[in-house]
Amino acid sequence: MKNHINSSLLTKNNLGKISEEDRFEQKDYLEAVKSFARLTYESVYIINYENMSFEYVSENPLFLCGYSPEEVLNLGYEFYFKNVPESDLEMLNLINEAGFDFFKRLPGDEKKKYSISYDFHLVNKNGKHILINHKLTPLFLTSDKKMWKAMCIVSISHHKNAGNICIYKQGSDEIWKLDLSNNVWRKSEKPKLTKREIEILHLYAQGLTINQIAEKIFVAPDTVKYYRRRIFERLEVSNIIEALSYAVNSKII
């Protein structure tokens, strides 16, 4: 990691000395994280910003890129430098800078309510590039409200390109999107769907066809197609797979 010692990924969130009181608060928390990892298809890992290491890596294969969880755990941040393309690494540096600047401005007690989501490529051992979605949220803060440990969730991205950087606040429809051209966060709101549109998404998620959905909700197939077009427009997607992924990731359904 010596070649990357000046990377923002390693230097932006420097922590001072961690108090014994802070350390006591996170005792045995990994058992809960491991339980969660057993229940989800997504990859889960924990970042410890005190020593810029990974504290836990789940067995779910997407994030591993062909390595074992133990190998990724031992690599720590070197895993990014080995398995993320250079152009995406540069983007991750920008996200890291902008994300921690945003985080620093938040009220201390509010910080745990925020999470960040973005897409970048991982390159597995076979050289194949996979576009993944990466979510990060604080697990533990230091006594001076810096991010000490964070939980990360990795899944397949429903986008076509890297980027798509958003910050969400729990219990709020507000979204902040990062404009990479000038590193400015722009505030917006989650798109809203009608009850009927949400119902149709639920039925698509169950694997029903257009005709089956039409029969289920007592409308013509063309009406289902109309609602589907409306959903695509509101969510700014081009197919039902993207719509479902967006709606799930954004907690719309």
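Scroll up a little and you will see the structure.
Predicted, not measured: the structure shown is a model, and the values here were computed from it.

Conventions used here
- Residue numbers restart at each chain and count upward from 1, following the sequence in its written direction.
- At least 70 in pLDDT is required for a residue's local features to be given in this predicted model, at least 80 for side-chain atom pairs to be given and counted, and no such filter applies to totals for whole chains, interfaces and linings, which use all residues.
- Note that the side-chain values use all heavy atoms of the structure and ignore hydrogens as well as water.
- Where helices and strands are cited, they refer to DSSP runs of H or I of at least four residues and of E of at least two residues respectively, numbered from the N terminus.
- Given the number of residues in a helix, its expected span is that number minus one, multiplied by 1.5 Å.
- The cut-offs for exposure are 20% and 50% of the maximum accessible area for each residue type, with area from a 1.4 Å probe on protein chains only; residues under the lower value are buried, those over the upper are exposed, and the others partly exposed.
- Two strands pair if DSSP finds at least two bridges between them.
- Only C-alpha atoms enter the line fits that serve as axes; for helices the fit covers just the stretch in contact. Angles between N-to-C directions range over 0 to 180 degrees.
- In what follows, residue pairs with any heavy atoms lying within 4.5 Å of each other are defined as contacts.
- The arc under discussion is defined with respect to the helix axis, by the directions toward the C-beta atoms.

Caption draft 1: Region of the structure containing helix α6 (residues 86-104). Compared with an ideal rise of 1.5 Å per residue, which puts 19 residues at 27 Å, α6 spans 27 Å between its outermost C-alpha atoms and is within 8% of the ideal. Here α6 has its buried residues at Asp88, Leu89, Met91, Leu92, Ile95, Asn96, Ala98, Gly99, Phe100, Phe102 and Phe103.

Caption draft 2: Summary view of unusual backbone geometry. Even without being glycine, phenylalanine 218 reaches a positive phi, approximately 60°. One can find phenylalanine 218 in the loop between α8 (210-217) and α9 (221-235). The residue glutamate 236 is not glycine, and still its phi comes out positive at about 60°. By relative accessible area, which is 70% here, glutamate 236 ends up exposed.

Caption draft 3: Structural context of the sheet that holds strand β5 (residues 147-156). On the basis of which strands lie adjacent, the open sheet formed by 8 strands has the order β2-β1-β5-β4-β3-β6-β7-β8 and antiparallel pairing. What marks the edges here is a single partner per strand, and that holds for β2 (53-57) and β8 (184-189). Across the sheet, the mean angle separating the axes of adjacent strands is 30° when strand polarity is ignored. Bridge count for strand β6 (residues 163-169) against strand β7 (residues 174-179) is 3 bridges, and the pairing is antiparallel.

Caption draft 4: Molecular detail of the pairing of strand β3 (residues 114-123). Taking burial as the measure, the 10 residues of β3 include 8 buried ones, the bulk of the element. As paired strands, β3 and β6 are joined by 5 bridges and run antiparallel to one another. The partner of serine 117 across the bridge, within β6, is cysteine 166. Linking β3 back to strand β4 (residues 129-141) in an antiparallel pair, the connection comprises 5 residues, with glycine 127 at a positive phi of about 85°.

Caption draft 5: Region of the structure containing the environment of tyrosine 118. By the element assignment, tyrosine 118 lies in strand β3. A residue is classified by how much of its surface remains accessible, and tyrosine 118, at 9% relative accessible area, is buried. For the pair tyrosine 118 and glycine 163, spaced 45 residues apart in the sequence, the C-alpha separation amounts to 5.7 Å. The residues contacting tyrosine 118, other than those within four sequence positions of it, are Leu92, Ile95, Ile132, Asn133, His134, Gly163, Asn164 and Ile165.

Caption draft 6: Region of interest: α9. For α9, which comprises 15 residues, the first-to-last C-alpha distance of 21 Å matches the rise-based estimate of 21 Å (1.5 Å per residue) to within 8%. Buried within α9 are the following residues: Val224, Tyr227, Ile231, Phe232 and Leu235. Summarising the axial view, the buried residues of α9 lie within an arc of 145°, below the 170-degree limit, and thus occupy one face. Away from the buried face of α9 by more than 90 degrees, exposed residues Asp222 and Glu233 are located. For α9, the elements touching its buried residues are α7 (195-205), α8 and α10 (240-249).

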